[in-house]
Amino acid sequence: MTPDHAHQKAGGGGEGTLPQAWGGPSYELRSSPEGDGGLLEISMGPQHPSTHGVFRMDVVLDGERVVKLKPVFGYLHRNHEKIGEGTTYLGSMPYTDRLDYFCSLTNNWAYALAVEKLAGLEAPERAQYIRVITAELTRLQNHACLGGFLLQDMGASGTPLMYAFREREKILDLFESLTGARMMCNYMRFGGCRCDLPPGWLEQARTVVAEFPKFLDEFESLLNGNEILMSRTQGVGVLPRDLAINASITGPVLRASGVNYDIRKAEPYGIYDRFQFRVPLGDHGDVYDRYMMRVLEMRESIKILEQAMAAIPGGPIMDPKAKIRGFRPKAGEAYGRIEGPKGELGFYLISDGSPNPCRYRVRPPSFINLTVLEDMCLGHHVADVVVILGSVDIVLGEVDR
Amino acid sequence: MDEQLRHELGRQGIFVTTLEELYNWGRKNSLWPLGFGLACCAIEMIATSMARFDLARFGAEVFRPSPRQADLMIVAGTVTKKMAPQVVRLYNQMAEPKYVIAMGACAISGGPFKQGYNVLKGIDRYLPVDVHIPGCPPRPEALLDAFMALQQKIAQQSLTGEHRPRHLRADVPGEFPVPVFGAHDLQPPSNPQVWSAPQMRRGEGA
């Protein structure tokens, strides 16, 4: 059912206003003719087994159908931007790890890119290759976990998630031997990377990447044609193409609606213009397409990884102009953006010549992708809300910052 | 009881134990955590329950979505001032005996976000914490270590006498007042029953 249907259905019968406890402007809502005229308002979260993190939704239900949905944020607001304005440029690097805690390396890269633009630095060749390799490994483990969590929400309790985490652990082992931490890598620096690849790392990474398609084949053969998965996801949570563009949705959610926009292709950063890969596009924009986008993107990431690991050159990993102590970029502003696993992740920085940024702003993909949650959920069952939320792929550290 | 006698009886096929040991043995091996993630540490908590680290070895893999069915709260992540009332309310809804593990720097003290205006500086201001795990985030091994520490703590509890646990005493409350998310800060800023500001004593020690 499309959102338009939902509006028509909700507008079919007697009138009713929302309870006072709702707060905000009072909405005129009508109930369906077959119902008894009563609307039920439930609060899902912040502690709910299916919300991803401390996310709360105020859902107004007509029977089982959603007629209104209001996301409530802020349960994990950790003052990221304010702290970023109070510390040095480098001091914010560990905080970016904790934005989207699944993908610390891509967060690092986006922030490093913004500061490099501000200060006029450029990472040397080898560092660029290392960045691509780590970012694509991050994308692999993020998308694998998303598949697991999505299926967990649909009631496939445990098994797909266990498979996904088994693969994730292998990638985390690589991160740990490279950066010293499993999740909070804090690896990139302005003008390069913190340390070079340890001996034997590339061979280990090649093994992990070579084995990954086996996991994908297994994952896909178990799930793609699964009847329950298809009936729960096909035609559910459709995001129309125009709405997706107007709401500035990015990442796999946008591409599932059939819009060909990938920053790696549209505005190549780093060295992405050197690699051969395709951008998968969806056709229907429903939950199933969003799930398939992730699976297909993992296949493309493997291609990029294979090319990057074959071509990685030797050489330095830091720009010789880069300095850690007394780092004061000249006054100006810069916006650095990358195609993160969840969408366009951008950092906007204004410098006034002091060691701290004057303004530090994050453009979080999860948060902006969430803005269409209501449009996707209207008219669907309350059980589908859980699946639709899972398919958007949010991380609350990034939504609330 | 005499260790030698117990050994001798065991050789005859008679196993003797105390009610206390049996009770604690049962409790420590079936801790059911509340499926409750706040931030980054929750991912490591999930990783702990997955195949490689396998929390099921300690009888604690059953993450319950409802606080009524859980007896261990793992505070995994940053507790913000908006979230703190909910955390205390969840704790109050859990049935006795109940335990709290504060996982990660944020849950202990606010961690890297301590300077933030919206971050609670440690959940122990409102709840009695049994085990603290440092780390940002702690590794799954650290969480397993905390489980073992908690199991040892449970095994050593005596059921009678002065030091019996809270759930066997009528005079000690098992529920704590829920703070209010006020205009400027949480009201009250801490619960004096469980937390007092550390005293700086000058001239002593050293």
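A brief structural summary.

Following the criterion strictly, the structure yields 21 aromatic pairs over all chains and no others. An angle of 75 degrees between the planes, with centres 6.4 Å apart, marks the rings of Tyr-272 of chain A and Phe-275 of chain A as edge-to-face. Of the two residues examined, Tyr-272 of chain A and Phe-275 of chain A, each falls in the buried class. Ring pairs connect the aromatic residues Tyr-89, Tyr-111, Phe-190, Phe-327, Phe-347 and Tyr-360 of chain A, which therefore count as one cluster. Residue placement shows Arg-401 of chain A over the ring face of Phe-367 of chain A; its charged tip is 5.7 Å from the ring centre. The ring of Tyr-75 of chain A is capped by Lys-82 of chain B, whose NZ or CZ atom sits 4.7 Å from the centre of that ring.

With that settled, consider the interface of chain A and chain B. Opposite the 31 residues of chain A that make contact, chain B presents 33 residues. Interface area, chain A with chain B, both sides summed: about 2900 Å², of which 65% is carbon and sulfur. Sorting the residues of chain A by area buried against chain B places Gln-47, Tyr-75 and Arg-78 of chain A first, and these three jointly supply 21% of that buried surface. Our enumeration of links across chain A and chain B arrives at four salt bridges. Residues Glu-44 of chain B and Arg-182 of chain A are paired through a salt bridge, measuring 2.9 Å at the closest nitrogen-oxygen approach. Contributing elements (two or more residues each) for the side of chain A that touches chain B: α2 (80-86) and α6 (159-179) of chain A.

To continue, consider the pattern of salt bridges. With the rule as written, the count across this model stands at 42 salt bridges over all chains. For Arg-126 of chain A, the salt bridge is made with Asp-196 of chain A, and the minimal N-O distance between the two is 3.0 Å. Of this pair, Arg-126 of chain A sits in helix α5 (residues 125-153) while Asp-196 of chain A sits in the loop between β7 (192-193) and α7 (201-223), and the two are 70 residues apart along the sequence. Here Arg-139 of chain B ties to Glu-176 of chain A by a salt bridge, and the two come within 2.6 Å at their closest N and O atoms. Of this pair, Arg-139 of chain B sits in the loop between β3 (131-133) and α6 (140-155) while Glu-176 of chain A sits in helix α6, placing the two residues on different chains. Overall, the relative accessible area of 25% leaves Glu-176 of chain A in the partly exposed class. Here the salt bridges share partners, and the residues they tie into one network are Glu-136, Arg-139, Arg-255, Asp-262, Arg-264, Glu-297 and Glu-339 of chain A.

Procedures and definitions
Residues numbered from 1 in each chain as written. Chains lettered and ligands numbered in written order. Predicted model: local features only at pLDDT ≥ 70, side-chain atom pairs only at ≥ 80, totals over all residues. Heavy atoms only, no water. Phe/Tyr/Trp six-rings, centres within 6.5 Å; stacked < 30°, edge-to-face > 60°. Buried < 20%, exposed > 50% of the residue type's maximum accessible area, 1.4 Å probe, protein only. Lys NZ or Arg CZ within 6 Å of the ring centre and 35° of its normal. Contact = heavy atoms within 4.5 Å. Buried area = accessible area lost by both parts, 1.4 Å probe. Salt bridge = Lys/Arg side-chain N within 4 Å of Asp/Glu carboxyl O. Helix = DSSP H or I, 4+ residues; strand = E, 2+ residues; numbered from the N terminus.

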